[in-house]
Structure formats: C-alpha cells, structure tokens
Amino acid sequence: MLHRTLLLVVLAGSFGLSRARAQEPAPRAASGLEWNALHAEHLFNRAGFGARPNEIEFALRGSHEHFVEQLLVGFTAPADPLFIDLPEMPQRRDFESRDEFDRANDRFRREERRVLTSFAGWWIDQMIEGKHPLQERLVLFWHGYFTSSTRDVKRTGAMVAQNELFRRHALGNFAELVHAIVRDPAMLEYLDNNQNRKDSPNENLARELMELFTLGEGHYTEQDIKEGARALTGWRTTDDKAGSYFQARQHDAGEKTILGKTARFDADSFVDLLLEQPECPRWVARKLLVHFEGVEPEPKRLEEYAKFLRASNWELKPFFRKLFLDPRFYAKDVLAERISSPVEYLVGCTRRLGLTVPPQVIWLGAGQLGQRLFDPPSVKGWDGGEAWITTSTLLGRGNMAGMLIGVVKIEDVLREDPLEIEPDEGAMMDGDTMGGDVMGGDVMSGGGAKPDDKEKGGKRAAKRKVDLGPEMGGLQRFTNEFYFPRINLTARMQRAGATRDTQIVDQLGSELLPVPLSEASRAALLEFLRIERSGLALEDGKLHTAGVKAEDTLRRLAHLILSLPEAQLG
C-alpha cells in the first residue's frame, strides 16, 4: 500500500515538471554540440527504443558524427527476414460439402492467426535486439503513417508484405515508398481500390493519398480527389491478396485535371504530380520532425527541412543525418518533451531492465495500453502525444512494468472491461481481437459493412466494438507458461557500487529512465527506501545484506521508477 501511495503522490505532479528537469549543456553555436551521455541517451530514445547502460558508453567512445553514421547503417548485420509459410485459402469447389469447406476455412483462419502472432513477435524482437534501431523505429512510424489494418485486409500475408515493404524503404527514398504504397496489396484492399473502376470510381485511396500521405488537408479540392481516383483505377489485388496487378480494361485512360494540370494521369504520374507540389515536402518534413522531436517545428525550421528533403531528391538518410547532428534537436524544448507510445515504452523498459521477455507479451501488452500493431484504430493511425496518457493508461503502464519485473500479478495488468468502440453496422463481433491463435479470437473475420465511400475519411468510420476477453487470456497464458523475470537488481547495484539509498536511487533511476529524475520523484523514491529499510531494521548502506527481501525491495523500487511520469517520456 505504501509504494502505491508514494506513486500516486509523484504522479500528482505534472509531466511538465519532470520534463523541465532535463538539464543539458548549452550547445556551442560555433563548434556544434557537446557530445555527452544526456545527448546520447536522447538520441537512443528518439532514433531507437532506449539504451542499455553499456550502449551509452559505446556511443561516447567515438564522435557524435561517427555514432550518427552507425545509426544510419545499423550496428550489426540485419536479421534475415522471418520465413513465412502462408496457408493456402480453401476454395469451395474443392470440397464436397459445405460443412467440410467451413471446417477447412476455420483451420485456414487459425493458421493465419498463428502466422500473424509469430511475425508480430519477430518484429518486437527486432526492436528489442537493437541491431538496427533506427530502421525498426521507422518501420513503426511508417506503419502509423501509411496505415492498414488486419481487420479490413483480413490476410496475414498482405500485412506481413507491407511490413517488409516499410523495412526495405524505411531509410530509403520517400518518393519510391509512395509509388510502392499505391500498388501495395494491403493498402489497395484497406482503402477499397479493388472497387475503384472506370465506370464506378472509389475515392478512398485518392483521398488519403492526398490528405494523409502527401499534401495535408486544405491543399486540394473534392474535384481533385474525384479526378485522382480515376487515375488510380485498374490497380487490384490478386484473389489471395498476396500481390497486385494492373487491369487495363478497368483503368480510366482519359484526361484528368488534377491540381490545375490536365493529362492522362495514371497511378505513377498522379503520385509524381503530388510529389512536385510545394506542400508535399512540408507535410512530410513536419510529420518526421514532430514524431522525432515531439514538438511543432518553428516555421523557418520546417521550411529549411522541407527544402532540404526536396533538394535531397526525397532521400531519407541525408534528412536524418542532418536532424541528428542539428544542435536544435538537443534543445531544452525537445529533450524529454515527447511521450512514448505503448510499444516504445514496453520495448524501452525491456531493454533497460535487460530482461528476456516473450515478444508476444510486449505485443499483447501494448494492445492493452492502446497500440495494437497491425490494427491501428483508423486510417489516421494513432493520435500519439498526450493522447497516449490517461489516468487509466498511466496506471496500466506501471502495472505492465511491474508484471515484467515480477512484482505485480497478471490480474492487475489485464483490463477487465471491454474496449468500447463505435461499431459498424452489421459488424461481426465474434471475438474479433488481435493476437492470433494464442487468444482464440478471430482476427480475420472482422466482417461488417464497408463505410460509404462518400463519407469523408472512408475507413475512419470503420470502427468496431472489440472484446478483449480472448486477448487477456492470451497474455495471461503467455506470462504464466513462458515468462519468468530473470533479473537480479541486488547484484546489479553491488556491481555498480551503489549501496546507500541515494546511490541506489540515482543509479537505478539513471539505468531505467530515459530522462533525469525530478527532485520530487527522487525525494519520493528516497522516502520509499528509507521506510523499507526501517521495516527491515537496516542502516543506510546495508540493504544488500537482506537477501531475498533486498531483491524484493529493489524490484518494487524499479516498479515505482518505471511508473513515474519521467518513464513515459523519451
């Protein structure tokens, strides 16, 4: 009860207070940035998923420039792609009876869910291992930028292929990525381009291509969308959604007038036209700057980066090299000013603690906290920022961290109430949850009526009421059967020479937090340790002599630290 009370006292403070504690040396205007541990930690947080203590030491062995170059190419050889053996979808003509076909279809869906669960775990592993942290950070970013959802796509192979597309282009060329995305099977299915025919255009892909992917709202007209939809006609997915092809007889080859220019636009020339617009590099540069810095860029700075991106012919590596070497990236209003997403938070906790966690636990846990990989809530992706934090999700994050450490029961982590989301008309509710055969829910059955193409945003209306019961069962099964927190914080503190209360709090806070402790948080943690020692009748500096009780105290201290506002920043 005491540690919960102290936690609530600390959480009563604002995030702004803890952010203000980030103290960094003033950048040298003439000679560049002073490369130190605080700046290295900041770069690991933004260009990856947090740093283990030895990784900070590694970053500081060389120059700032050298470390940025390593981030751009990765630290070790990339992992081989996960071998995916996709099941073959049964065809009704191959079965004598409807019952046989239905049973085969059930087996097919279970196998699809198993593959999705395996691939999600592989992706989480790539984030945790940190072989190429910037690449994986960008795969996650593009997943929320060029959004597709398994609920609508309903084919694991298409979602896996899209993830691999993001990985190939993560640090490549933005223009090439946009050209690829308008023929990506998952995107074509998600935004209904299979229904986009010359005699009956569907505007969903054209609308989101302009509004969310390239220009932003207000820089095109409804007529531009209609004409753009005509340019995208003819691109369809194969029946199994494993590939896409161009069906010439369904393409409108006539002249279209888009953004004031008239030509016989097709998909590629339409994309080229969008990339030529001055708003396009501003839109992309702003999205990247806000994601990696956590604050809106000043207009002059945005224009600087937009021009640089366009002058670099949409190549992303030069953009990030410039950003990560820019002293303004390490300014006070950028340091500790970004709230981590659930995936970033849980992967960061796992890395800083040095734990080996079944990756599906992280995947399912992030879903509990509001970020379901392969299942963004709408075509806009996740809102991010302060939307990640509510009283409920903040306590949920702390509970999830406590479960990883082994001091919180799984029952305290799992949410009992279903997530209520406005359902589609006719949406199928049959346990439709993320998480594959582990949870027993029917990921691929999503079903339900398609949104009216005329409704603004299209897929934004395609929301469902999600029953989390199977997901909770899957997470409980994974943690009970496959997970034991292999961690020894007592040995860790002794190895660091941290025996006194102040040393322990400072050492553990430094290792587990992405930003420095605030004075209020530090005082609360010291009070917790003092009371715990008093209960064990130990003097300051003797906690390590208490054996199992010492380890229990340190784990509960780590739980408090990872529940602090500072732990939610990155």
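Computed from a predicted model, the values in this text were never measured in an experiment. (Residues numbered from 1 in each chain as written. Predicted model: local features only at pLDDT ≥ 70, side-chain atom pairs only at ≥ 80, totals over all residues. Heavy atoms only, no water.)

S.K.: Summarise the pattern of salt bridges; cite the residues concerned and give the values.
M.R.: Per the stated rule, a full pass over the model turns up 35 salt bridges. Ionic pairing is found between Arg352 and Glu41, a salt bridge with its closest N-O pair at 3.8 Å. Note that Arg352 is positioned in helix 18 (residues 342-353) and Glu41 in helix 3 (residues 37-47), a separation of 311 residues in sequence. With respect to burial, Arg352 and Glu41 carry one shared label: buried. A salt bridge links Lys131 to Glu129, with the nearest nitrogen and oxygen atoms 3.7 Å apart. Salt bridges here are not isolated pairs; linked through shared partners, they connect Glu293, Arg301, Glu304, Lys322, Asp326 and Arg328. (Salt bridge = Lys/Arg side-chain N within 4 Å of Asp/Glu carboxyl O. Helix = DSSP H or I, 4+ residues; strand = E, 2+ residues; numbered from the N terminus. Buried < 20%, exposed > 50% of the residue type's maximum accessible area, 1.4 Å probe, protein only.)

S.K.: Quick one: what's the story with helix 6 (residues 98-129), residue by residue and with numbers?
M.R.: End to end, helix 6 covers 46 Å across 32 residues, agreeing with the expected 46 Å (1.5 Å per residue, within 8%). Positive backbone phi, approximately 70 degrees, marks Gly130, located one or two places after helix 6. (Expected span 1.5 Å × (residues − 1).)

S.K.: Lay out unusual backbone geometry in plain terms, naming residues and giving numbers.
M.R.: You will see that Trp314, though not glycine, has its phi angle at about 70 degrees, which is positive. Note that Trp314 resides in the loop between helix 16 (299-311) and helix 17 (316-325). Of the residues examined, Trp314 reaches a relative accessible area of 2% and is grouped as buried. Residue Ala537 is not a glycine yet carries a positive backbone phi of 55 degrees. Structurally, the position occupied by Ala537 is in the loop between helix 25 (519-535) and helix 26 (548-563).

S.K.: A description of the packing of helix 3 against helix 7 (residues 133-145) should follow, citing residues and the corresponding values.
M.R.: Axis separation between helix 3 and helix 7 bottoms out at 8 Å; the angle between their running directions is 45 degrees. Relative to helix 7, the element helix 3 lies oblique. For the pair helix 3 and helix 7, the contacting residues are Asn45, Arg46 and Ala47 in the first and Pro133, Leu134 and Arg137 in the second. A breakdown of the residues in the contact of helix 3 with helix 7 according to their chemical character gives three nonpolar, one polar and two charged. (Axes fitted to C-alpha atoms, helices over the stretch in contact; angles between N-to-C directions. Parallel < 35°, antiparallel > 145°, perpendicular 65-115°, else oblique. Contact = heavy atoms within 4.5 Å. Nonpolar A, V, L, I, M, F, W, Y, C, P; charged D, E, K, R; others polar.)

S.K.: Could you give me a rundown of helix 20 (residues 391-405), with the residues and numbers involved?
M.R.: Spanning 15 residues, helix 20 covers 21 Å between terminal C-alpha atoms, matching the ideal 21 Å at 1.5 Å per step. Taken across its 15 residues, helix 20 has twelve buried, putting it largely inside the fold. Listed as buried for helix 20 are Thr393, Leu394, Gly396, Arg397, Gly398, Asn399, Met400, Ala401, Gly402, Met403, Leu404 and Ile405. Of the residues flanking the end of helix 20, it is Gly406, one or two places downstream, whose phi is positive at about 100 degrees.

S.K.: Tell me what's going on with the nonpolar core, and back it up with residues and numbers.
M.R.: Core analysis: the biggest nonpolar cluster contains 149 residues, and Trp142, Phe146, Phe320 and Phe324 have the highest contact counts within it. With eight residues, the top contributor of residues to this core is helix 6. If near-sequence neighbours (up to four positions away) are discounted, Trp142 is found in contact with Phe166, His169, Ala170, Phe174, Leu177, Leu288 and Leu316. (Core = buried A, V, L, I, M, F, W, Y, C linked by side-chain atoms within 4.5 Å.)

S.K.: An account of the packing of aromatic side chains is needed here, citing residue identities and associated values.
M.R.: One pair of aromatic rings is described through two measures. These are the centre distance and the angle between the planes. A full pass over the atoms with the stated rule returns 27 aromatic pairs. Note on Phe67 and Phe75: the rings are 5.9 Å apart at their centroids and 25 degrees apart in plane angle, and the pair reads as stacked. Using a relative accessible area of 1% as the deciding quantity, one classes Phe67 as buried. On the basis of an interplanar angle of 35 degrees and a centroid distance of 5.9 Å, the ring pair of Trp142 and Phe174 is categorised as tilted. Taken together, the residues span a long stretch of sequence, with Trp142 in helix 7 and Phe174 in helix 10 (residues 174-181) at a distance of 32 residues. Using a relative accessible area of 0% as the deciding quantity, one classes Trp142 as buried. Put simply, the rings of Phe141, Trp142, Tyr145, Phe146, Phe166, Phe174, Phe213 and Trp314 pair up and form one aromatic cluster. (Phe/Tyr/Trp six-rings, centres within 6.5 Å; stacked < 30°, edge-to-face > 60°.)

S.K.: Please set out a negative patch on the surface residue by residue, giving values where relevant.
M.R.: On the surface, Glu88, Asp94, Asp239 and Asp240 cluster together to form a negatively charged patch. Counting through the fold element by element, Asp240 comes out in the loop between strand 1 (235-237) and strand 2 (244-246). Asp240 gets classed as partly exposed once you look at its relative accessible area, which sits at 44%. (Patch = residues over 30% accessible without salt bridge, like charges linked within 9 Å, V, L, I, M, F, W, Y side chains within 5 Å. Areas by Shrake-Rupley, 256 points an atom, 1.4 Å probe, with all protein chains shown as cover. Lys, Arg positive; Asp, Glu negative; His and termini not counted. Charge placed at Lys NZ, Arg CZ, Asp CG, Glu CD.)

S.K.: So what's going on with the environment of Val115? Residues and values would help.
M.R.: Here Val115 is to be found in helix 6. Here Val115 falls in the buried class, since its relative accessible area comes to 4%. Sequence separation between Val115 and Ile84 is 31 residues; the distance between their C-alpha atoms is 7.2 Å. In this view, Val115 contacts Ile84, Asp85, Leu86, Pro87 and Thr156; residues no more than four positions away in its chain are not counted.

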